[in-house]
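Structural overview
For reference, the chains in residue letters:
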Amino acid sequence: MLVVVPTLEVRKRWVLQRLDPMLTETPALASIFDAKRKRGAMNSEDVKDFPTGLLVIGGANSPASLSSMPIKYVLCDEVDRFPWEAGTEGDPLGLVRQRQSTFRHRKIVLVSTPTMKDASRIEEEFEQSDQRHYHMPCPHCADLIVYKWDQLRWTLDPATKEPKHVAYVCEHCGAEIEEHHKPWMLEQGRWIATHPGRAKRGYHLNALYAPLGLGFRWAELAREWIAVQKDPAKLKRFINTNLAQTWEDRSRDVKANGLQERAEPYGLRDV
C-alpha cells in the first residue's frame, strides 16, 4: 500500500503527528503494526510493515518515492497541494497510476480540500466521477436534503453583532432545522450519485455535516463567515476548507476589450 502526501517534509510531520500515534493508540491497528518496536528498515518514516504487506509513505515532490515498486492500493492525501511536476518526471499522479498498471483490481483514493477553480486536481477528479452527495431526511417533512451554505440562516444580536438563533432552513418545506437534529439526520442519511452510470466514485462533504463535538458548530461557522467578509485571503480559506468549494478569482473576469470600451476622452493639461 502507498500513501502519498504533498512533500517529503509533510511526510515527516504526518508520520510523527498522525500515523504513529494512530498505530500505537488504536488496539486493532496496534495488533497489526508493531509501531512501538525499535526503528529499523521496516519501521521507519517511509515504510511500515505488517503481516503479508507493506505500507509505504511517499512525497509527491519526490519521484524516487513514487516509482520504486508496483503498488496495488494507493491513498493520495491533499492532492491539490501536489506539485504539477515531480522533478523532471512529470505529473506525480501519473507516476502513481503507472505503478498500479500491473494490477487488475487496483484502487486509488484521492482526498483533498479544493483550492483554485480550474486549477484544482480534486475538482477535476470529482467532475469526472459519479458525484455523490450525502442526502438526509428533513425532520419536519422527511424530504431528502443536502446541506448547503445558503440555507443556513441566523439573526444578529444588536448589541454584540454576534450571530444568534442559527438554524438550517429546509428548501422543501421552509421549516427551521436545529443543529440538535443533525445526529438523527446523519444516521438516516445515504449517499446518492448525481451520475450513477459512471465508474469512478466521488464524494463531497462540507463542514455543516461535521458531527457534534468533532467540528465547528453552526454558530461558530456563521461567526467566522461574518468575520472574513472583508479579507479575501480569509474568505478563500473559509470557502476552501469549510464549504469544500473551489475559490474563483473574480479579477480574471475583467477583460481587456471590456475595459477599453469604458475609456473616455480625458484632458491632459494637468496630469
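Residues numbered from 1 in each chain as written. Predicted model: local features only at pLDDT ≥ 70, side-chain atom pairs only at ≥ 80, totals over all residues. Heavy atoms only, no water.

Let's talk about the overall build of the chain
So the rule is basically this: Secondary structure elements follow DSSP: runs of H or I of four or more residues count as helices, runs of E of two or more count as strands, with numbering from the N terminus. All radius of gyration figures rest on C-alpha atoms, and the globule criterion is 2.2 Å times the number of residues raised to 0.38. A simple rule labels every residue: compare its accessible area, found with a 1.4 Å probe on the protein chains alone, to the largest value its type can have, and call it buried under 20%, exposed over 50%, or partly exposed in between. Should any heavy atoms of two residues lie within 4.5 Å, those residues are counted as being in contact. Exposure was quantified through the Shrake-Rupley algorithm and a 1.4 Å probe, taking into account, for residues, occlusion by the shown protein chains and nothing else. For the purpose of charge, His is not counted, nor are the chain termini; Lys and Arg are scored as positive and Asp and Glu as negative. Here the site of a charge means NZ on Lys, CZ on Arg, CG on Asp, or CD on Glu.
Looking only at helices and strands, the chain has nine helices and 12 strands in total. Relative to the 2.2 N^0.38 estimate, which gives 18 Å for 271 residues, the radius of gyration of the chain is 24 Å and therefore markedly larger than a compact globule would have. Here the C-alpha coordinates of the chain stretch approximately 70 × 60 × 45 Å along the principal axes. A burial count over the chain gives 37% of its 271 residues as buried. The contacts of the chain with a sequence gap of at least 6 include a subset with a gap of at least 24, amounting to 64%. Summed over its atoms, the accessible surface of the chain is roughly 16,800 Å², and 54% of this surface lies on carbon and sulfur atoms. Separation between the mean location of the 39 positive side-chain charges and that of the 37 negative ones in the chain comes to 4 Å.

Concerning the sheet that holds strand S10 (residues 176-177)
Using the following cut-off: The pairing criterion for strands is at least two bridges between them, as found by DSSP. Axis lines are fitted through C-alpha atoms, for helices just across the contact stretch, and the angle between N-to-C directions can take any value from 0 to 180 degrees.
Read across the sheet, three strands follow the order S8-S9-S10 without closing on themselves; strand pairing throughout is antiparallel. Each edge of the sheet is formed by a strand with only one pairing partner; in this case those strands are strand S8 (152-156) and S10. Direction of pairing for S8 relative to strand S9 (residues 163-169): antiparallel, over a ladder of four bridges. Looking at S9, one finds that Arg153 is bridged to Ala167. Against the sheet, helix H7 (residues 218-227) touches S8, S9 and S10, its axis set at about 110° to S9.

With respect to unusual backbone geometry
A positive phi is found at Glu78, a non-glycine position, where the angle reads about 55°. Take Glu78: it is sitting in the loop between strand S4 (73-77) and helix H4 (92-99). Judged by its relative accessible area of 25%, Glu78 falls in the partly exposed class. In this structure, Lys161 is a non-glycine residue whose phi angle is positive, near 60°. You can see Lys161 is positioned in the loop between S8 and S9. With relative accessibility at 57%, the residue Lys161 sits in the exposed group.

What about the pairing of S4?
Pairing analysis gives three bridges linking strand S1 (residues 2-5) to S4, with the strands arranged parallel. Looking at the pairing, Val3 lines up with Leu75 of S4. Bridge count for S4 against strand S5 (residues 107-111) is five bridges, and the pairing is parallel. Directly across from Val74, in S5, lies its bridge partner Ile108.

A short note on the packing of H7 against helix H8 (residues 232-241)
Put simply, the rule is: For classification purposes, an angle smaller than 35 degrees is called roughly parallel, one larger than 145 roughly antiparallel, one from 65 to 115 roughly perpendicular, and anything else oblique. Three categories are distinguished: nonpolar for Ala, Val, Leu, Ile, Met, Phe, Trp, Tyr, Cys and Pro, charged for Asp, Glu, Lys and Arg, and polar for the others, with Gly belonging to the last.
Orientation of H7 relative to H8, taken along the N-to-C sense of each, is 150°, at an axis distance of 9 Å. The pairing of H7 with H8 is recorded here as roughly antiparallel in orientation. Together, Leu221, Glu224 and Trp225 of H7 and Leu235, Arg237 and Phe238 of H8 make up the contact between the two elements. In terms of residue class, the contact of H7 with H8 is made up of four nonpolar, no polar and two charged.

Overview of the side chain of Asn242
Structurally, the position occupied by Asn242 is in the loop between H8 and helix H9 (256-261). Asn242 has contacts with Asn206, Ala207, Phe216, Leu221, Glu224 and Arg237, leaving out every residue within four places of it along the chain.

Quick notes on the nonpolar core
Just so we agree on the cut-off: Nonpolar cores are built from buried Ala, Val, Leu, Ile, Met, Phe, Trp, Tyr and Cys residues. Side-chain atoms within 4.5 Å join them into one set.
Ranked by size, the top nonpolar core spans 26 residues in total, and within it Tyr147, Tyr168, Leu208 and Trp218 carry the most contacts. Those elements that place two or more of their residues in this core are strand S6 (132-137), S9, helix H6 (182-188), H7 and H8. Excluding residues that lie within four positions of it along the chain, Leu208 makes contacts with Tyr147, Lys148, Trp149, Leu152, Tyr168, Lys182, Trp218 and Leu221.

Focus: the sheet that holds strand S2 (residues 47-50)
The five strands are arranged S2-S3-S1-S4-S5 in an open sheet whose pairing can be described as mixed. At either end of the open sheet lies a strand with only one pairing partner, and these are S2 and S5. The sheet shows a mean angle of 15° between the axes of neighbouring strands, taken without regard to direction. In the sheet, S2 pairs with strand S3 (residues 53-59) via four bridges, with the strands oriented antiparallel. Looking at the pairing, Phe50 lines up with Gly53 of S3. Contacting S1, S2, S3 and S4, helix H1 (residues 8-25) runs over the sheet at an angle of about 145° to S3. H4 contacts S1, S4 and S5 of the sheet and is inclined by roughly 155° relative to S5.

Some remarks on the pattern of salt bridges
Let me state the cut-off plainly: What makes a salt bridge here is a side-chain nitrogen of Lys or Arg within 4 Å of a carboxyl oxygen of Asp or Glu, nothing more.
Scanning all chains against the criterion turns up 13 salt bridges. Of the charged contacts in the structure, one is a salt bridge between Arg121 and Asp91, with a shortest N-O distance of 2.9 Å. With Arg121 in helix H5 (residues 121-127) and Asp91 in the loop between S4 and H4, this pair connects stretches of sequence that are 30 residues apart. Salt-bridge contacts for Lys200 lead to Glu125; the nearest nitrogen and oxygen are separated by 2.7 Å.

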